[in-house]
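So the chains spell out like this:
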Amino acid sequence: MYFWLKLLHIGAVMVWFCGLFFLPRLFVARHRGGRDADPAYFNPVANLLFFRIATPAGLVAIALGMVLIAMVPFGAWLAAKLLVVMAAVLLHLYFGLHLYALGQGQDRHSARFYRIVGWLPLLLLLALAALTGAKPHTFGDLPPPPLAATEAHAAGGASSPPSSPAAL
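Treat the numbers as computed from the prediction; the structure is a model and nothing was measured. (Residues numbered from 1 in each chain as written. Predicted model: local features only at pLDDT ≥ 70, side-chain atom pairs only at ≥ 80, totals over all residues. Heavy atoms only, no water.)

**A closer look at the overall build of the protein**
So, step 1. Helix and strand counts for the protein stand at 6 helices and 0 strands.
So, step 2. Ordering the α and β elements of the protein from the N terminus gives α-α-α-α-α-α.
So, step 3. Across the 168 residues of the protein, 30% fall into the buried class.
So, step 4. Long-range contacts, defined here as pairs at least 24 residues apart, represent 76% of the contacts in the protein between residues at least 6 apart.
So, step 5. In the structure as shown, the protein presents an accessible area of about 10800 Å², 72% of it carried by carbon and sulfur atoms. (Helix = DSSP H or I, 4+ residues; strand = E, 2+ residues; numbered from the N terminus. Buried < 20%, exposed > 50% of the residue type's maximum accessible area, 1.4 Å probe, protein only. Contact = heavy atoms within 4.5 Å. Areas by Shrake-Rupley, 256 points an atom, 1.4 Å probe, with all protein chains shown as cover.)

This is how it looks when you write it as structure tokens:
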């Protein structure tokens, strides 16, 4: 079961990030003018990509990721990965807000800005891959919660200082 959930999660992440890769390219094409800038072409394509492909894939990726989190031990690598996922979600939301502004006729950015922002999904995806691939060795373990140490002392399990080998 874990294998299939992970496989679907990875597939959903790939589709989600394909949408995040392509949206800035659409913004650049719209900014340049021509056929791509025509609202009869741009609006259906961009809305289809954002609302019917990227957003559902992102929701599926996040939902399956939450299920998978329950199956693995929580470590510092996972906390760092969740921060990168949060950045990807914020980027996705920014693209949605920007798409809405474009629909209202408000284009505040240049083509150069769109080209620079177009690199952010790649950097986020590489960070996710690096954190996932190096998970056992990335940051080590998180410290135990303070409650666990308090319970050990309350149960009479007072910890003694470690003895040195020379004292034995």
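**A word on a nonpolar patch on the surface**
So, step 1. A grouping of Leu83, Met86, Leu90 and Leu93 is seen on the molecular surface, where their side chains present a nonpolar patch of about 410 Å² in accessible area.
So, step 2. In this structure, leucine 90 sits in helix α3 (residues 76–103). (Patch = residues over 30% accessible without salt bridge, like charges linked within 9 Å, V, L, I, M, F, W, Y side chains within 5 Å. Salt bridge = Lys/Arg side-chain N within 4 Å of Asp/Glu carboxyl O.)

**Structural notes on the packing of aromatic side chains**
So, step 1. This model, assessed by the stated rule, comprises 9 aromatic pairs.
So, step 2. An aromatic cluster of at least three residues, connected via ring pairs, comprises Phe27, Phe42, Tyr94, Phe95, Phe113 and Tyr114.
So, step 3. Over the aromatic face of phenylalanine 42 sits the side chain of arginine 30, whose NZ or CZ is 5.4 Å from the ring centroid. (Phe/Tyr/Trp six-rings, centres within 6.5 Å; stacked < 30°, edge-to-face > 60°. Lys NZ or Arg CZ within 6 Å of the ring centre and 35° of its normal.)

**Quick look at the nonpolar core**
So, step 1. Grouped together as the largest cluster of nonpolar side chains are 29 residues, with contacts concentrated most on Trp16, Phe17, Leu23, Phe27, Phe42 and Phe95.
So, step 2. If you list the elements that add at least two residues to this core, you get α1 (2–32), α2 (39–69), α3, α4 (111–117) and α5 (120–133).
So, step 3. Take this core: its biggest share by element is 9 residues, from α1.
So, step 4. Once residues lying within four places of it in the same chain are set aside, the contact partners of tryptophan 16 are Ala54, Ala57, Gly58, Ala61, Ile62, Ala88, Val89 and His92. (Core = buried A, V, L, I, M, F, W, Y, C linked by side-chain atoms within 4.5 Å.)

**A closer look at the pattern of salt bridges**
So, step 1. Summed over the entire model, instances satisfying the criterion amount to 1 salt bridge.
So, step 2. Note that arginine 30 is salt-bridged to aspartate 107, the shortest N-O span being 3.8 Å. Linking arginine 30 in helix α1 with aspartate 107 in the loop between α3 and α4, this pair joins segments that are 77 residues apart in sequence.

**Considering the side chain of histidine 98**
So, step 1. By the secondary structure assignment, histidine 98 is in helix α3.
So, step 2. Non-local contacts of histidine 98, meaning those with residues more than four positions away in its chain, are made with Phe27, Asp107, Arg108, His109 and Tyr114.

**Structural notes on α1**
So, step 1. Its 31 residues give α1 an end-to-end C-alpha distance of 46 Å, which sits within 8% of 45 Å, the value for a rise of 1.5 Å per residue.
So, step 2. Trailing α1 by a residue or two, glycine 33 shows a phi angle of about 95°, which is positive. (Expected span 1.5 Å × (residues − 1).)

**Re α5**
So, step 1. In a regular helix each residue adds 1.5 Å, so 14 residues correspond to 20 Å; α5 covers 20 Å between its end C-alpha atoms and thus fits that length.
So, step 2. Residues of α5 that are buried include every one of Pro121, Leu124, Leu128 and Leu131, and no others. For α5, the buried positions fall inside an angular range of 95° around the axis, keeping them on one side. In α5, the exposed positions angled more than 90 degrees off the buried face are occupied by Leu123 and Gly133.
So, step 3. Each element contacted by the buried residues of α5 is listed here: α1, α3 and α4. (Arc of directions from axis to C-beta.)

Functional significance is not addressed by these values, which are geometric in nature.
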